[in-house]
Amino acid sequence: MRSARAIAARPRLWPTALVELARFAPDGWWRRPPFLPLPRPGLVRFRSETMHGDPGAAPSPADLVLWLEWCQAQNRRQRHLPRRSG
């Protein structure tokens, strides 16, 4: 809940949060309880271990905001890269 409040307080991150939520949501999430687009537990454990060294560590709201800001910057850079012809 604290993470949701941290994101709600930063409207500029809302579009990025929605994009990342869609990227991490498993296929067919709407067919299975709890009917929320939550990432798979294995992915959450992996991300927690790579970030904190502990698969059980929960990201803080500040971690989540920092990550979303990083994602936003990466997405912006991607849009400005020249397209390669295949």
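Not measured: the values here are computed from a predicted model. (Residues numbered from 1 in each chain as written. Predicted model: local features only at pLDDT ≥ 70, side-chain atom pairs only at ≥ 80, totals over all residues. Heavy atoms only, no water.)

(A) Representation of the packing of helix α2 (residues 14-24) against helix α4 (residues 61-80). At a closest axis distance of 10 Å, the pairing of α2 and α4 adopts a crossing angle of 90°. Taken together, α2 and α4 sit at an angle that is classed as roughly perpendicular. Together, Thr-16, Ala-17, Glu-20, Arg-23 and Phe-24 of α2 and Trp-67, Leu-68, Cys-71, Gln-72 and Asn-75 of α4 make up the contact between the two elements. Of the residues contributing to the contact of α2 with α4, the split by class is five nonpolar, three polar and two charged. (Axes fitted to C-alpha atoms, helices over the stretch in contact; angles between N-to-C directions. Helix = DSSP H or I, 4+ residues; strand = E, 2+ residues; numbered from the N terminus. Parallel < 35°, antiparallel > 145°, perpendicular 65-115°, else oblique. Contact = heavy atoms within 4.5 Å. Nonpolar A, V, L, I, M, F, W, Y, C, P; charged D, E, K, R; others polar.)

(B) Local environment of the packing of aromatic side chains. Going through the model one piece at a time under the given rule, you end up with two aromatic pairs. For the ring pair Phe-24 and Trp-67, a centre distance of 5.6 Å and an interplane angle of 75° mean the geometry is edge-to-face. With Phe-24 in helix α2 and Trp-67 in helix α4, the pair connects residues that are 43 residues apart, well separated along the chain. When its relative accessible area of 24% is taken as the criterion, Trp-67 is described as partly exposed. On the basis of an interplanar angle of 85° and a centroid distance of 5.8 Å, the ring pair of Trp-29 and Trp-30 is categorised as edge-to-face. (Phe/Tyr/Trp six-rings, centres within 6.5 Å; stacked < 30°, edge-to-face > 60°. Buried < 20%, exposed > 50% of the residue type's maximum accessible area, 1.4 Å probe, protein only.)

Shape is all these values report; function is a separate question.
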